[in-house]
Amino acid sequence: MERVLADLTGDADAFAEALAGRTARVFRPAGWPAGLPRAAELEAVLNSGLLRVPYVEMVQDGTVLAPERFCTARTVAGRHEDGWADPGRIAALLAEGVTLLLPQLDQWYAPVRALAAGLALRLGRRTEAFCFATAAGGRGLKVHRDDADVLVVQLAGEKEWTVHHPPADGHWQPGLAPAPGPVALHTVLTPGQALYVPRGAPHAATGRQGLSVHLSFTVREPGTERLHTTLGEYLTATPLDTGLPERPLPEDELLATAAELLRRSRERLAELTPQDLLRLARGPLPNPTPGS
């Protein structure tokens, strides 16, 4: 797992530099990255008959299509079940310029789960994976910002990317970016190549030659809300000592209990550094596998 970042980018130190500087950058490894699936392998998963909403979506102009447009119903063990991916319908929609999205591959596809886990452990941040397939000329999402740093890895075809400069401060929202500002990088990715898109940087991608397929590894970074939530979780992680009354009744007893809880919280907070809080907020991370 230690080599995942080096395999995907060809230069782990250069990626770390781009990440720290929040600078969009293209990476061109010498060969096909170890453990990276080919597009045909993901196509086999799609055709297996087991893929189902919400692990498959179709997106057009930023709008997720209704499942009945690309899914079918089945009777399984006597039960009527909706939402099964229909490869025929999906292929027809792809030909019309609709984008196929396979969300959260790290949750259900073992080879990609291993890559995402390796990145998470190397970077110390939660990492998820999404797969996008787009026909030539297709664009699933308009220019938008993601609330994560993104490492894009091209699997098949070509995809044209335009990345704008990231925001200068923390006062921004993820979503559509109708006024994206100056362009920081414009490039075309071919199979095996990678692109780093900084958190919050407006960007858009358009399929070029053939069916374009890429993986997006989203590297999550906590915001203020997540830090605040983590702080609350930290303060309540230790169960109350039995020395406190479980249900204080008179007001003086309630006040005494409140004072004691505040005292203990202050003591616990005194042990917590900003670095500790950030580390906790960046988790939870996957458990390292033996030998990794």
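Keep in mind that this is a model prediction, so the values were computed, not measured.

Visitor: Mind showing me how you'd approach the packing of aromatic side chains here?
Guide: One pair of aromatic rings is described through two measures. These are the centre distance and the angle between the planes. Under the counting rule described, the total for this entry stands at 4 aromatic pairs. Plain terms: the ring middles of phenylalanine 15 and tyrosine 196 are 5.4 Å apart, the flat faces sit at 75° to each other, and that makes the pair edge-to-face. Note that phenylalanine 15 is positioned in helix H2 (residues 12-21) and tyrosine 196 in strand E13 (residues 194-197), a separation of 181 residues in sequence. Judged by its relative accessible area of 2%, phenylalanine 15 is buried. Ring geometry for tryptophan 108 versus tyrosine 109: centroids 6.1 Å apart, planes at 50°, classification tilted. Ring pairing ties together the aromatic residues Phe15, Phe27 and Tyr196, which thus form one cluster.

Visitor: When you look at the pattern of salt bridges in this model, what are you seeing that I'm missing?
Guide: Two side chains carrying opposite charge are able to pair once their charged atoms lie near each other. Here the structure, examined in full by the defined rule, presents 16 salt bridges. With a closest N to O distance of 2.6 Å, arginine 263 and glutamate 260 form a salt bridge. Taken together, the residues span about one helical turn, with arginine 263 and glutamate 260 both in helix H8 (residues 251-270) at a distance of 3 residues. One network of salt bridges, in which partners are shared, links Arg125, Asp149, Glu221 and Arg282.

Visitor: So what exactly am I meant to see when it comes to the nonpolar core here?
Guide: Core analysis: the largest hydrophobic core is formed by 47 residues, its most contacted members being Met58, Ile90, Leu100, Leu105 and Phe217. In this structure leucine 100 touches Leu46, Val56, Glu57, Met58, Ile90, Leu94, Cys131, Phe132 and Ala133, once residues within four positions along its chain are discounted. Within the second largest apolar cluster, 12 residues are counted, among which are Val150, Val163, Leu185 and Leu189.

Visitor: Whenever I open this one, the packing of helix H7 (residues 224-235) against helix H9 (residues 274-282) confuses me. Can you help?
Guide: How two helices sit against one another is set out by the angle between their axes and by the gap between those axes. Two elements in contact, H7 and H9, have axes separated by 9 Å at closest approach and are oriented at 100°. The angle between H7 and H9 places the two elements in the roughly perpendicular class. Contact with H7, carried on its side by Arg226, Leu227, Thr230, Leu231 and Tyr234, involves Leu277, Leu278, Leu280 and Ala281 of H9 and no other residues of that element. Of the residues that constitute the contact of H7 with H9, the class distribution is 7 nonpolar, 1 polar and 1 charged.

Visitor: Honestly, unusual backbone geometry in this entry has me stumped. Any pointers?
Guide: Residues other than glycine predominantly adopt negative phi, and peptide bonds predominantly adopt the trans conformation. Residue proline 54 follows valine 53 across a cis peptide bond; omega there is 15°. Tracing the sequence through the fold places proline 54 in the loop between helix H3 (39-47) and strand E2 (57-60). Of note, the bond from glycine 283 into proline 284 is cis; its omega dihedral lies within 30 degrees of zero at 0°. Not every positive phi belongs to a glycine, and aspartate 61 is a case in point at roughly 55°. When you line up the elements, aspartate 61 lands in the loop between E2 and strand E3 (63-64). Assessed through its relative accessible area of 51%, aspartate 61 is described here as exposed. The backbone of alanine 77 sits at a positive phi, close to 50°, despite the residue not being glycine. Look at alanine 77 and you get exposed, because its relative accessible area is 69%.

Visitor: Teacher, can you tell me more about the environment of leucine 141 here?
Guide: Within the element layout of this structure, leucine 141 appears in the loop between strand E7 (127-134) and strand E8 (144-145). On a C-alpha basis, the gap between leucine 141 and histidine 186 in space is 17 Å, while along the polypeptide they are 45 residues apart. In contact with leucine 141, not counting residues within four places along its chain, are Val59, Gly62 and Ala204.

Visitor: Is there a simple way to explain the pairing of strand E14 (residues 203-207) in this structure?
Guide: In summary, the side chains of a regular strand alternate between the two faces of the sheet. Burial analysis of E14 places 5 of its 5 residues in the buried class, which makes it a mostly covered element. Residues His203, Ala205 and Gly207 line one face of E14 and the alternating positions Ala204 and Thr206 line the opposite face, and both faces are buried. Sheet topology places strand E10 (residues 159-164) next to E14; 5 bridges connect them, and they run antiparallel. If you follow glutamate 160 over to E14, its bridge partner there is threonine 206.

Cut-offs and rules
- Residues numbered from 1 in each chain as written.
- Predicted model: local features only at pLDDT ≥ 70, side-chain atom pairs only at ≥ 80, totals over all residues.
- Heavy atoms only, no water.
- Phe/Tyr/Trp six-rings, centres within 6.5 Å; stacked < 30°, edge-to-face > 60°.
- Helix = DSSP H or I, 4+ residues; strand = E, 2+ residues; numbered from the N terminus.
- Buried < 20%, exposed > 50% of the residue type's maximum accessible area, 1.4 Å probe, protein only.
- Salt bridge = Lys/Arg side-chain N within 4 Å of Asp/Glu carboxyl O.
- Core = buried A, V, L, I, M, F, W, Y, C linked by side-chain atoms within 4.5 Å.
- Contact = heavy atoms within 4.5 Å.
- Axes fitted to C-alpha atoms, helices over the stretch in contact; angles between N-to-C directions.
- Parallel < 35°, antiparallel > 145°, perpendicular 65-115°, else oblique.
- Nonpolar A, V, L, I, M, F, W, Y, C, P; charged D, E, K, R; others polar.
- Pairing = 2+ DSSP bridges.

Shape descriptors only; they carry no functional weight alone.
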